[in-house]
Every structure is written in C-alpha cells, then in structure tokens.
Amino acid sequence: MAVVEDSPGADAHPSASELRYRLRQQSVLSDFGIEALRARELGPMLQRAAELCAEGMTARYAKFLERCPDRDALLVRAGVGWPEGVVGGVTIPADLGSPAGFAFKTGEPVISNHLENEERFRTPTFMAEAGIRRAINVVVEASGEKYGVLEVDSSDEGQFETADIAFMQGFANLIGVAIERQGAEARLAAAIEHQELLTREASHRVKNSLAMVSAMLNLQMHEDDDPRITRMLGDAQARIAAIALAHDRLWRGDRVGVVALDELVCGIVEGLAEQAEVDIPCIILAIEISADIAIPIGLVVTELVTNAIKYADGGIAVALGIEADEFVLTVDDRGPGMPAGFDIASASRDSLGMRMIASLSRQLKGAMSFEDADGGARAVLRFPDPRG
C-alpha cells in the first residue's frame, strides 16, 4: 500500500507515550467494531465513526465524505467539529486537487501536515475557514467499489504519521463491512417482501378460483333432482369452501403462511351453520399456526360438522383446546348417538367423508375417536401441539 505524505514516518523506537497513544487507538477501534457490527442504519453508524475516529486521533475535526452517485463529487455525509451546514450540505469535487479527492481517485491514503503551504492540493473553503492545518485521508470500499473517504483534520500544529494510517484504515475497513452487511440485509428484506407479495397474490388467486368452483357446484346442486348427487355435491362444496377460507386468511394475514386458528375454524363452522340454518357455538384456541396444519384441521371440522348436521337433531357445538400438551378437537351433537359397534376403519370403506377424516387424522399425527355422550354423539381428535 502506497502512502502519499509530505512528512517522515514515526520513529523506529516509539516512546512510552507513543505506545499508550497507539493502545488507546486500538481500544477505540475495538469499540467501534462492536458498534459497526450491530448498526442497523447507515447514517448514525457513519456519524459514530467520525466521532470515535476523531477521539482516537485526538483531533477536533473528522468527517466522512460519501461519493455522490449522480456527479463526480464527495458529500460531507457525517462529521464532528464542523459548523452547522457543513455536514449534509457541503460537497467537494472528487478530483486530484484536494486531499480527499486525491485519496478517492487513487485509492491510496493521503497525509498532508502543512495545508497552509501545500502545493499539491487546494484546501476546500470550509476547511480553510476552520483553520485546518493538517489532514489524513483513507478510502472506504464496499463490495469492491469506492464508497467514500474517511478524513481526520486538525487545526493544531503537529503532524499525522504513517502509523496513523493503520488506525484510520481499520475504521475504513469496518465501515466497508458494515455497509456491505446492511446492503445485503436490505436486498434480503426486499427479496422476502417480494416473495411474501407473490405468496399473498397466489393465495388470493387460489381463493378466488375455489370460490368460483364452489359457486359452480352450488348451481349444479340446484339443477339435479337426485338427492344422493345433491348431497355429494354439497359435501364437495363444503370441502372446497374450507380450503378457500384458509387461503383467504392466508393472503389477508400479517404473517405469510400463518393463519389464526380460531378465525379459520369458526369461519368454517359459521358458513356451515348458515347453510343449514342452525346455531353452532364455536370455541377455538386463539393461536396462529402454519397453513400446513390449519387446512387439515379445517377439513376435519368440515367433515365432522357436516355429518352432525346430517344425522343430529340439533345442539351441535365445536371446541378446540389443549390438554396435556395435546390439541383436542371435539364436535358434540344431540342426535341419536353412534351406531352400535361403530368402527372408523370399517366406516371408511363405505364413506368418503370417513376416509378423509381418517387420512387427515394421520396427517396431523393424531387419533380420532367417536363415542356416545350426553344424549348424543361426540367426535374427538387428539393430535400433538403443532407449535412444537
């Protein structure tokens, strides 16, 4: 690494005070490293870099000059010690005529300890007005491109030394890494947002498509006089409506791929109750779970409530809660009760609905049972807590 300077480097045998000074710089650099890794916003991070860099160099003035993408200039993006209006309001040409411009163009650190007598560079007006006598500049690179220049200035006599370059370059490297990380996080956030938008759009389209299919089945039901065909079309319509409702909750929800279980299940029950013109109380645990789990639960509820409406005289109730780390779904009715010797495995051979209930129960890794209870029947599905 070449260093453009107008004074000799540090003494080969540093004094005790020089060693303390360098150790202090390392401590400041270490502190900034932690802050840079935690930083979520670029502006405050650059400002903190200017403050700590000035502290480590025992200088009053420091600034970060950011490349202006629309023109060949450097903007004072952050800084310490400068009058109001300099930070965020002053630009200098990104050419070879100033220490910062020279560092940016060549990519090499620049030390100028005698700006008042400098023949290589011009001193920017705002620096001259502040009485700046010496400056040290290093380039900040991010993602393989020059992003800006970190500069420390002093109006005091003395000199910046070649050894100060290591301290300054450490700051520049940390700034570059932080800028790259924040850029990567921004791109990732944008990609996730785009993916969420696509997922919501897909769920919305699926919901609309299923609603159209449901409407077509409803029309077909009213045109067919065969009670068996009408019942089968009604069952299919209820299943499609349950899936459509899940997708409706998916695209409307705050979190992609997650639905509120109580809203989904009670929404399904409400729709079935409205069609049958009955009242069905629904008490469901208010939690959010993934759609992969919610949809099978919704379909099981659809089958059980549909059966209860068909065979019971009324008094249907749906509930879902937690018992001993298990989810417990119950559908009660006040009908004739279960047939003698009822067995779900045998019933599945003759009933599509029972086959679906058995299959969905296995999908949820649960166990389904039917029993007589309180003058009617009770269906109980127990399955592991899907939240883990």
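Before reading on, note that the structure itself is shown above.
This next bit is on the overall build of the protein. From N to C terminus, the protein includes 10 helices and 13 strands. A compact globule built from 388 residues would reach a C-alpha radius of gyration of about 21 Å, whereas the protein, at 36 Å, exceeds it by more than 25%. Along the longest, intermediate and shortest principal axes, the C-alpha atoms of the protein span 105 × 45 × 35 Å. Expressed as a percentage of its 388 residues, the buried residues of the protein come to 44%. Across the protein, the fraction of contacts at a sequence separation of at least 24, relative to all contacts at a separation of at least 6, is 62%. Accessible area of the protein: about 19,900 Å², with a carbon and sulfur share of 53%. The positive charge centre, built from 37 side chains, and the negative charge centre, built from 60, are 2 Å apart in the protein.

A few words on helix α7 (residues 261-276). Helix length check: α7, at 16 residues, gives a terminal C-alpha distance of 23 Å against a target of 22 Å (1.5 Å per residue), a fit within 8%. Residues of α7 that are buried: L261, L264, V265, G267, I268, V269, L272 and A273. Positive backbone phi, at 55 degrees, marks E277, one or two positions downstream of α7.

This next bit is on the pattern of salt bridges. Enumeration over the complete set of coordinates arrives at 17 salt bridges. Between E51 and R48 there is a salt bridge, and its shortest N-O distance comes to 3.2 Å. Of the two residues, E51 and R48 are both situated in helix α2 (residues 42-56); the distance of three residues between them amounts to about one turn of the helix. Given a relative accessible area of 32%, R48 falls into the partly exposed group. A salt bridge links R382 to E326; the nearest nitrogen and oxygen atoms lie 3.9 Å apart. Highlighted residues: R382 in strand β13 (residues 376-384) and E326 in strand β11 (residues 326-333), separated in sequence by 56 residues. Note on E326: relative accessible area 31%, which makes it partly exposed. Each of E18, R22, E161 and D164 takes part in a single network of salt bridges with overlapping partners.

Our next topic: the sheet that holds strand β3 (residues 91-93). Strand order in this open sheet of six strands is β3-β2-β1-β6-β5-β4, and the pairing throughout is antiparallel. In this open sheet, the two edge strands, each paired with only one partner strand, are β3 and β4 (110-112). Neighbouring strand axes in the sheet, compared pairwise and without regard to direction, differ in orientation by 25 degrees on average. For β4 and strand β5 (residues 134-142), the ladder comprises three bridges, and the chain directions are antiparallel.

Bringing the state of the cysteines into the picture now. Covalently bonding the sulfur atom of one cysteine to the sulfur atom of another cysteine gives a disulfide. Enumeration over the complete set of coordinates arrives at one disulfide. Here C266 pairs with C282 through a disulfide, and the sulfurs are 2.4 Å apart. On the sign convention where negative is left-handed, the bridge of C266 and C282, at about -90 degrees about the S-S bond, is left-handed. Of this pair, C266 sits in helix α7 while C282 sits in strand β8 (residues 282-284), placing them 16 residues apart in sequence.

Another aspect to go through is the packing of aromatic side chains. One pass over the full model with this rule turns up seven aromatic pairs. An aromatic cluster is built from F32, F167 and F171, whose rings are joined through pairwise contacts. One Lys or Arg, R134, reaches over the ring of F160 and ends 4.5 Å from the middle of that ring. Positioned above the aromatic ring of F104, the side-chain terminus of K146 is 6.0 Å from the ring centre.

Once that is clear, we can look at the nonpolar core. The biggest cluster of nonpolar side chains holds 41 residues, and the ones touching the most others in it are L261, I297, L304, V305, V318 and L329. Taken together, the elements giving at least two residues each to this core come down to α6 (227-252), α7, α8 (291-311), β10 (317-323), β11, α9 (344-350), α10 (352-363) and β13. Considering every element that reaches this core, the biggest residue donor is α8, with eight residues. Residues within four places of V318 in sequence aside, it is in contact with V269, I280, P281, C282, I283, I284, V305, L329, T330 and V331.

You can see L360 is positioned in helix α10. Of the residues examined, L360 reaches a relative accessible area of 8% and is grouped as buried. As a C-alpha pair, L360 and A345 span 15 residues in sequence and 13 Å in three-dimensional space. If we skip the residues at most four places from it in the chain, L360 touches P296, L299 and V300.

Cut-offs used in this document
- Residues numbered from 1 in each chain as written.
- Predicted model: local features only at pLDDT ≥ 70, side-chain atom pairs only at ≥ 80, totals over all residues.
- Heavy atoms only, no water.
- Helix = DSSP H or I, 4+ residues; strand = E, 2+ residues; numbered from the N terminus.
- Rg over C-alpha atoms; globule rule 2.2 N^0.38 Å.
- Buried < 20%, exposed > 50% of the residue type's maximum accessible area, 1.4 Å probe, protein only.
- Contact = heavy atoms within 4.5 Å.
- Areas by Shrake-Rupley, 256 points an atom, 1.4 Å probe, with all protein chains shown as cover.
- Lys, Arg positive; Asp, Glu negative; His and termini not counted.
- Charge placed at Lys NZ, Arg CZ, Asp CG, Glu CD.
- Expected span 1.5 Å × (residues − 1).
- Salt bridge = Lys/Arg side-chain N within 4 Å of Asp/Glu carboxyl O.
- Pairing = 2+ DSSP bridges.
- Axes fitted to C-alpha atoms, helices over the stretch in contact; angles between N-to-C directions.
- Disulfide = S-S within 2.5 Å.
- Phe/Tyr/Trp six-rings, centres within 6.5 Å; stacked < 30°, edge-to-face > 60°.
- Lys NZ or Arg CZ within 6 Å of the ring centre and 35° of its normal.
- Core = buried A, V, L, I, M, F, W, Y, C linked by side-chain atoms within 4.5 Å.

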